[in-house]
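# Architecture and fold: a report
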Amino acid sequence: MRTPLWLEPTSVPKALLAVNALHGAGLLDAVTYISPNADEAIEMAKALAGFESSRRLGRWLRAKAAGDDDAGAREAVVALV
């Protein structure tokens, strides 16, 4: 049984450090839960876009840029999970 891992980024810089460190260690899949605020979620999603191809992430970033926050929130959740 796997112990759940919760990532609580407390700032945008720390969120990016966590994403980069977890990716570098091959541990992104080890994260069970995350609880970023909107700014942290956006920057984490952008960082992840550099690591992995994700059509959902691209749609989310376009929706966010267009100001569609509801669609953006749904896409962010899918992309980050």
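Okay, so let's go over this structure. Note that residues are indexed from 1 along each chain, following the sequence as it is written. Given that the model is predicted, a residue must reach a pLDDT of at least 70 before its local features are reported, and side-chain atom pairs must reach 80 or more before they are shown or counted; all residues, however, enter totals for whole chains, interfaces and linings. As a rule here, side-chain values come from all non-hydrogen atoms in the structure, and water together with hydrogens is ignored.

## Details of the overall build of the protein
Convention followed: Runs of E in the DSSP output that reach at least two residues are strands. Runs of H or I that reach at least four are helices, and both are numbered from the N terminus. Only protein chains enter the calculation, and the probe is 1.4 Å; a residue is then buried if its accessible area is under 20% of its type maximum, exposed if over 50%, and partly exposed in between. Method for areas: the Shrake-Rupley scheme with a 1.4 Å probe, in which residue coverage is limited to the protein chains shown.
Regarding its fold elements, the protein presents 4 helices and 2 strands. Along the protein, helices (α) and strands (β) appear in the sequence β-α-β-α-α-α when read from the amino end. Taken across its 81 residues, the protein has 28% of its residues classed as buried. Counting only carbon and sulfur atoms, one obtains 57% of the accessible surface of the protein, whose full area is about 5,400 Å².

## A few points about helix α1 (residues 12-24)
Applied cut-off: Take the residue count of a helix, subtract one, and multiply by 1.5 Å to get its expected span. Each direction from the helix axis to a C-beta atom contributes to the arc, which is the arc of those directions.
In this model, α1 (13 residues) spans 18 Å end to end at C-alpha, consistent with the 18 Å of a helix rising 1.5 Å per residue. Those residues of α1 lying buried are A15, A18, V19 and L22. Burial along α1 is one-sided: seen end-on, the buried residues are contained in an arc of 95°. When the buried face of α1 is taken as reference, the exposed residues oriented beyond 90 degrees from it are P13, L17 and G24. Taken from the residues just after α1, G26 is the one with a positive phi, measuring 70°.

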